[in-house]
Amino acid sequence: MQFLEDNRYNIWQKRKDYKQIKDKMREIKNKYANVRLFIEDRVVTANLTKEELKAVLEYINLDDEIERIEKIETFKLGLKEGNWL
């Protein structure tokens, strides 16, 4: 388990698609203050625009993609660790 913890983040950061998705998520939070409040602080404002709602949905989709990448890479890393035993 220590091997996985020590190496998994480094592997994710080497993936170009992972970096691009993280950058896009950061852009959304920087562009839309209400979206950032919702995502980071769980503060819901009553006046979200349609554009902000679309940004929330896009952010959620990007977050799902990040989770998928992390699971796949962690699984691969686990397989490597298993082969070394």
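In case you missed it, the structure is sitting above this.
Below: a short report on this structure. The model shown is predicted, which means the values in this text are computed figures rather than measured ones.

**Structural notes on the pattern of salt bridges**
Here is step 1: For the coordinates displayed, the defined rule picks out 10 salt bridges.
Here is step 2: The salt bridge involving Arg68 is made with Glu65; its shortest N-O contact spans 2.5 Å. In this pair, Arg68 and Glu65 are both assigned in helix α4 (residues 50-84), three residues apart and thus about one turn of the helix distant.
Here is step 3: You can call Arg68 partly exposed: its relative accessible area is 40%.
Here is step 4: Three or more residues are tied together by salt bridges with common partners; here these are Arg15, Asp17, Glu73 and Lys76.

**Points about the side chain of Glu52**
Here is step 1: Structurally, Glu52 can be placed in helix α4.
Here is step 2: This buried residue, Glu52, is left without a salt bridge; Lys31 holds the nearest opposite charge, at 10 Å.
Here is step 3: Only 3.2 Å separates the side chain of Glu52 from the side chain of Asn34, close enough to count as a polar contact.
Here is step 4: If sequence neighbours within four positions are ignored, Glu52 has contacts with Tyr32, Asn34, Val35 and Asn47.

**Things to note about the side chain of Glu73**
Here is step 1: Summarising the element assignment, Glu73 is placed in helix α4.
Here is step 2: A polar atom in the side chain of Glu73 sits 2.6 Å from the side chain of Arg15.
Here is step 3: What Glu73 contacts, discounting residues up to four positions off in sequence, is Ile11, Trp12 and Arg15.

**Quick notes on the nonpolar core**
Here is step 1: Ranked by size, the top nonpolar core spans 14 residues in total, and within it Ile21, Met25, Ile28 and Val35 carry the most contacts.
Here is step 2: The set of elements that each furnish at least two residues to this core consists of α2 (16-31), α3 (33-41) and α4.
Here is step 3: Residues within four places of Met25 in sequence aside, it is in contact with Tyr59, Leu62, Asp63 and Ile66.

**Examining the packing of α2 against α3**
Here is step 1: Between α2 and α3, the least distance of the axes is 5 Å, while the angle of their chain directions is 115°. Counting all contacts with α2, which are made through Ile28, Lys29 and Lys31, the residues of α3 involved are Ala33, Val35, Arg36, Ile39 and Glu40.
Here is step 2: Tallied by class, the residues present in the contact of α2 with α3 amount to four nonpolar, no polar and four charged.

The rules behind the values
- The written sequence of each chain sets the order in which its residues are numbered from 1.
- Note on the predicted model: pLDDT of at least 70 is required for a residue's local features to be given, and 80 or more for side-chain atom pairs to be given and counted; whole-chain, interface and lining totals, by contrast, use all residues.
- Values reported for side chains reflect all heavy atoms of the structure, with hydrogen atoms and water molecules removed beforehand.
- Salt bridges are identified by distance alone: a Lys or Arg side-chain nitrogen within 4 Å of an Asp or Glu carboxyl oxygen.
- Only DSSP runs of H or I reaching four residues or more are called helices, and only runs of E reaching two or more are called strands; each is numbered from the N terminus.
- When accessible area is computed with a 1.4 Å probe and restricted to protein chains, residues below 20% of their type maximum are described as buried, those above 50% as exposed, and intermediate ones as partly exposed.
- The convention is simple: Lys and Arg are positive, Asp and Glu are negative, and His and the chain ends are not counted.
- Polar contact is the term for a pair of N or O atoms within 3.5 Å; when the atoms are in protein, one must be able to donate a hydrogen and the other to accept it, and sequence-neighboring residues count only if both atoms are side-chain atoms.
- In this description, contact between two residues means that some pair of their heavy atoms is separated by no more than 4.5 Å.
- Only buried residues count toward a nonpolar core, which is a set of Ala, Val, Leu, Ile, Met, Phe, Trp, Tyr and Cys residues joined through side-chain atoms within 4.5 Å.
- In this analysis, axes come from line fits to C-alpha atoms, helices being fitted only over the stretch in contact, and the angle between any two N-to-C directions falls in the range 0 to 180 degrees.
- The classification used treats Ala, Val, Leu, Ile, Met, Phe, Trp, Tyr, Cys and Pro as nonpolar, Asp, Glu, Lys and Arg as charged, and all other residues, Gly among them, as polar.

By themselves these figures say nothing about function.
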